[in-house]
Number of protein chains: 2
Amino acid sequence: MTGGTTLRIDREKLWNMIAEMGEIGKGAAGRTRLALSWEDLEARRLLARWMEDLGLDVQTDAYANIWGVRAGRDAKARPVVVGSHIDTVRDAGMFDGVMGVLSGLAAVRAMNEAKVETERPVAVISFTDEEGGRFLSGGLAGSRALAGLTDIETLKTKRSPEGKSWVDALNESGFVGNGRLEPHAYLEYHIEQGPALADENIQIGVVRGVVGISWLRVTFRGEANHAGAFPMNRRHDAGLAAARAVVELNRLALELGQGAVITPGQLNQHPNLPNIVPGEVVLTVDIRQFDPVSLEHGVNRLKEVVRTAGEQEGVAVKVETLVQTARAAFSEEMVSLVERKARELGYSTKRMSSGAGHDAQILHGLCPTGMIFVPSKDGRSHCPEEFTSQEDMGNGADVLLQCVLELTGPFESAD
Amino acid sequence: MTGGTTLRIDREKLWNMIAEMGEIGKGAAGRTRLALSWEDLEARRLLARWMEDLGLDVQTDAYANIWGVRAGRDAKARPVVVGSHIDTVRDAGMFDGVMGVLSGLAAVRAMNEAKVETERPVAVISFTDEEGGRFLSGGLAGSRALAGLTDIETLKTKRSPEGKSWVDALNESGFVGNGRLEPHAYLEYHIEQGPALADENIQIGVVRGVVGISWLRVTFRGEANHAGAFPMNRRHDAGLAAARAVVELNRLALELGQGAVITPGQLNQHPNLPNIVPGEVVLTVDIRQFDPVSLEHGVNRLKEVVRTAGEQEGVAVKVETLVQTARAAFSEEMVSLVERKARELGYSTKRMSSGAGHDAQILHGLCPTGMIFVPSKDGRSHCPEEFTSQEDMGNGADVLLQCVLELTGPFESAD
């Protein structure tokens, strides 16, 4: 089956499609397509049109996950699913998620043009609300729902800062359907979003799994007081307690080592006026590590650190767990498939874990799952500077195509 | 002139008026009447009605400062001015500012009821935008304008976070007039907003002046990156740099001593999402001290501290001075007047400087100026817990009344 002419992705076409989708939601800095926002829906309509243009059967489910199916010879066989997501964080780059979905379409295009028939169907999917920032849903909402790990009742409780609920946004989206996807295998192609591949000049990252992640919300409750009239030694400054916590959390991450990362990404101070001692701070803390025992240890240490910071300032501390995601260790069969195909195409490879969460970690519970990484310039991601070269993008897409061809079963050109 | 029955404030009536105004803008926590907001205008309408009920001639000027004049025998004499402000911070108590303005009305009521005639007129004033939080104007805007220290052109540049300019809000207020106030002397009666009087169980604070204040805006510009994929040692975390600065600024304030206070009151982080390393933080820092040489030294040290915090994280730091207010040292004649009147009424007194900024510090440049403080429970202020007892309130109002009677010249009852 690899004896014939090796199929290749049309790299320029794929590049242009990524750029075209990158125009949607574009602002002064990057683009913003928060889940189920107007901009996300616009991008979905473009995606659906592109799927239809390729002859795919476009379907959606109760959570607005959207996929297009290319039929196989065996009408009853479960499809090989490839994809990612097209929602973004605020002021995002154009590759995160989008490259994986559109590379799936590029693979279909190559197969269509070569009139390839496969045993199993291929489905190219975009999952709903992968990023999680808009509704503080923790992300991976669409894939979690597909796997039965969340549901409408839970998502009803997730709200944007303006008070919009996840489910209201879903119902207004126009993308709710009654499709049902049962994957035979899942492959997600994504930018690394870190500096490891670029630093070592490696072309393809062979992902062995995704780190475990915990999101905690820490509330520091002190005393709002007049900035001028209240002496330093009588204050209970929630802002100072939070600042001590942020400094100590950084020290903790370095001390934990072994790839542990801790990020106090969101900090909201009240009343947040220049002439008032901060009375309350709400801080989110994101902690990640591949080894589950180390992660649990890290979370416990983290709780100690924030409590100690509060005690130092006489400030009450409440810690809530917002999200907990177990690590996913992908099956060796999928990891070695990606590795083999990359090497057959002549690319350098490196086995690595993903520090970022991906829908693949959820699909991993449903079917054999793998991931392909390509380098991110300077490791930048979730920012306008996010960049992957057309060459690197094309390499990964070709690996994806070759994996799909193997997973869908023996094939031959219809010519 | 102090030989007759000493006039007294109607304490219950004054208390009830403070409570009634405190209902305007009331929310779940305290009341919010930001300068020239709908709530501030509602409170102004109530104030104007109360002034008219007392027979005062209500006037406003080009900056919407509002005052009511009680005529004196000498129609050409400059008035003795008493007052403060009725705008508030967010989630405020009901005493700050309001007590001073309404005690002025209570003094007029006592004089009216006793049919007192004075040589000079008395004017009870409420200054516009004392607090400064809404438009980041630095506060004291109305009194500054009266003193020629700011003007319409400057105030046009001051905007609320939603983009409303100070001057647009002014023009829509309905309180712009063509009055012109030329004070003979100014007296401001206010809660202490700190714990000194309550801690020492003193009834009347005799204010010798107001500390100098600087507001700085510090911008930390780092790199927004993915929270999971970007290792700790490759980050340029603006949130961490800002946290280091907040911790070190607290250490600096304690080290400076001599009453120095430093408050990082407003912190805005971008993009402020849980799964992104903060790329930028904008922090305001408020620093105050009575001795001007010490304050200048403190500001210089502050700038070093924030720059060092940025350098530690490879984060760029920009420091801008938003506001600088020189300290005001009141004239001994006014300070001793307040002290003498308080002692004549049998109250314990303490000379002190004010750590909070007040319109009095601006009026000080125009005319002999003094201030009267009364205890704040637990030193709390700028928060719903702000509280001064009816007894303390009444003591200070009686001192105010006696000072007004002396400053307006010999008087006699018309009976």
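In this text, all values refer to a predicted model and were calculated from it rather than measured experimentally.

Novice: For this particular structure, what's the right way to read the interface of chain A and chain B?
Specialist: Interfaces are often sized by the amount of accessible area the parts lose when they come together. Between chain A and chain B, the residue contacts involve 61 residues of the former and 61 residues of the latter. The contact between chain A and chain B buries some 5,200 Å² in all, and 59% of this surface belongs to carbon and sulfur atoms. Summed over the three residues of chain A that lose the most area to chain B, namely A:His226, A:Met232 and A:Pro274, the buried surface amounts to 13% of that side. At the boundary of chain A and chain B, one finds 4 salt bridges. Here A:Glu223 ties to B:Arg380 by a salt bridge, and the two come within 3.3 Å at their closest N and O atoms. Run the count over chain A and chain B and you get 23 residue pairs in polar contact (both at pLDDT 80 or more). When the residues that make up the side of chain A that touches chain B are grouped by side-chain class, the tally is 29 nonpolar, 20 polar and 12 charged.

Novice: Please clarify how the pairing of strand β6 (residues 185–191) of chain B should be interpreted in this entry.
Specialist: A regular strand places its side chains so that they alternate between the two faces of the sheet. Residues and elements named next belong to chain B. Burial analysis of β6 places 7 of its 7 residues in the buried class, which makes it a mostly covered element. Burial along β6 is two-sided: the face carrying Ala185, Leu187, Tyr189 and Ile191 and the face carrying Tyr186, Glu188 and His190 are both buried. Pairing geometry for strand β3 (residues 80–84) and β6, over 3 bridges, is parallel. Bridging from a neighbouring strand, Val81 pairs with Tyr186 of β6.

Novice: Where do I start with the packing of helix α1 (residues 11–22) of chain B against helix α3 (residues 98–113) of chain B in this structure?
Specialist: Geometrically, a packed helix pair is captured by the angle between its two axes and the distance between the axes. Residue and element names in this part refer to chain B. It is the contact of α1 with α3, at a shortest axis distance of 10 Å, that shows an interaxial angle of 140°. The angle between the axes of α1 and α3 places the two elements in the oblique class. Along this stretch, α1 crosses α3, giving a crossing that reads as right-handed. Residues Lys13, Leu14, Met17, Ile18 and Met21 of α1 form the contact with α3, whose participating residues are Val98, Met99, Leu102, Ser103, Leu105, Ala106 and Arg109. For the contact of α1 with α3, the residue count by class is 9 nonpolar, 1 polar and 2 charged.

Novice: Looking at this structure, how should I read the relation of the copies chain A and chain B?
Specialist: Put simply, the second copy of the chain is the first one after a rotation about an axis and a shift along it. You can overlay chain A on chain B at an RMSD of 0.1 Å; the transform is a turn of 180° with a shift of 0.0 Å along its axis. Taken together, these values place the two copies in the relation of a two-fold axis. Closest approach to the rotation axis within chain A is made by the C-alpha atom of A:Ala243, at a distance of 2.2 Å. Comparing contact sets, 100% of the residues at the interface of chain A also lie at the interface in chain B, consistent with an isologous, same-surface contact.

Novice: How should I be thinking about the domain arrangement of chain A in this particular structure?
Specialist: All names here are of chain A. By domain assignment, chain A separates into domain 1 (11–211 + 327–413) and domain 2 (212–325). Placing a centre on the C-alpha atoms of domain 1 and another on those of domain 2 gives a separation of 33 Å. Counting from both sides, the interface comprises 16 residues of domain 1 and, opposite them, 11 residues of domain 2. Both sides together, the interface formed by domain 1 and domain 2 hides about 1,100 Å², and carbon and sulfur atoms give 63% of it. Its largest share of buried area at the contact with domain 2, domain 1 owes to Leu136, Val211 and Arg327, together 51% of the area lost on that side. The interface formed by domain 1 and domain 2 holds 2 residue pairs in polar contact (both at pLDDT 80 or more) in total. At the level of secondary structure, the elements contributing two or more residues to the side of domain 1 that touches domain 2 comprise β7 (204–210) and β14 (328–329). Counting residues per element, the side of domain 1 that touches domain 2 draws most heavily on β7, at 3 residues.

Novice: Whenever I open this one, the packing of aromatic side chains confuses me. Can you help?
Specialist: Where two aromatic rings form a pair, the distance of their centres and the angle of their planes describe that pair. One pass over the full model with this rule turns up 8 aromatic pairs over all chains. Taken together, a centroid distance of 5.7 Å and an interplanar angle of 50° make the contact between A:Trp15 and A:Phe95 tilted. Taken as a pair, A:Trp15 in helix α1 (residues 11–22) and A:Phe95 in the loop between β3 (80–84) and α3 (98–113) lie far apart in primary sequence, 80 residues in all. You can call A:Phe95 buried: its relative accessible area is 1%. An angle of 70° between the planes, with centres 5.9 Å apart, marks the rings of A:Phe127 and A:Tyr186 as edge-to-face. In this pair, A:Phe127 is assigned in the loop between β5 (122–126) and α4 (141–146) and A:Tyr186 in strand β6 (residues 185–191), connecting sequence segments 59 residues apart. Among the aromatic residues, those joined into a ring-pair cluster are A:Trp15, A:Phe95 and A:Phe387. Lying across the ring of A:Phe175, A:Arg44 places its NZ or CZ 5.3 Å from the centre. Residue placement shows B:Arg327 over the ring face of B:Phe290; its charged tip is 4.5 Å from the ring centre.

Definitions and cut-offs
- Residues numbered from 1 in each chain as written.
- Chains lettered and ligands numbered in written order.
- Predicted model: local features only at pLDDT ≥ 70, side-chain atom pairs only at ≥ 80, totals over all residues.
- Heavy atoms only, no water.
- Contact = heavy atoms within 4.5 Å.
- Buried area = accessible area lost by both parts, 1.4 Å probe.
- Salt bridge = Lys/Arg side-chain N within 4 Å of Asp/Glu carboxyl O.
- Polar contact = N/O pair within 3.5 Å; in protein donor to acceptor, adjacent residues only side chain to side chain.
- Nonpolar A, V, L, I, M, F, W, Y, C, P; charged D, E, K, R; others polar.
- Buried < 20%, exposed > 50% of the residue type's maximum accessible area, 1.4 Å probe, protein only.
- Helix = DSSP H or I, 4+ residues; strand = E, 2+ residues; numbered from the N terminus.
- Pairing = 2+ DSSP bridges.
- Axes fitted to C-alpha atoms, helices over the stretch in contact; angles between N-to-C directions.
- Parallel < 35°, antiparallel > 145°, perpendicular 65-115°, else oblique.
- Left-handed = near helix turned anticlockwise from the far one by under 90°.
- Least-squares fit on C-alpha atoms with pLDDT ≥ 70 in both.
- Domains from an automatic or database assignment.
- Phe/Tyr/Trp six-rings, centres within 6.5 Å; stacked < 30°, edge-to-face > 60°.
- Lys NZ or Arg CZ within 6 Å of the ring centre and 35° of its normal.

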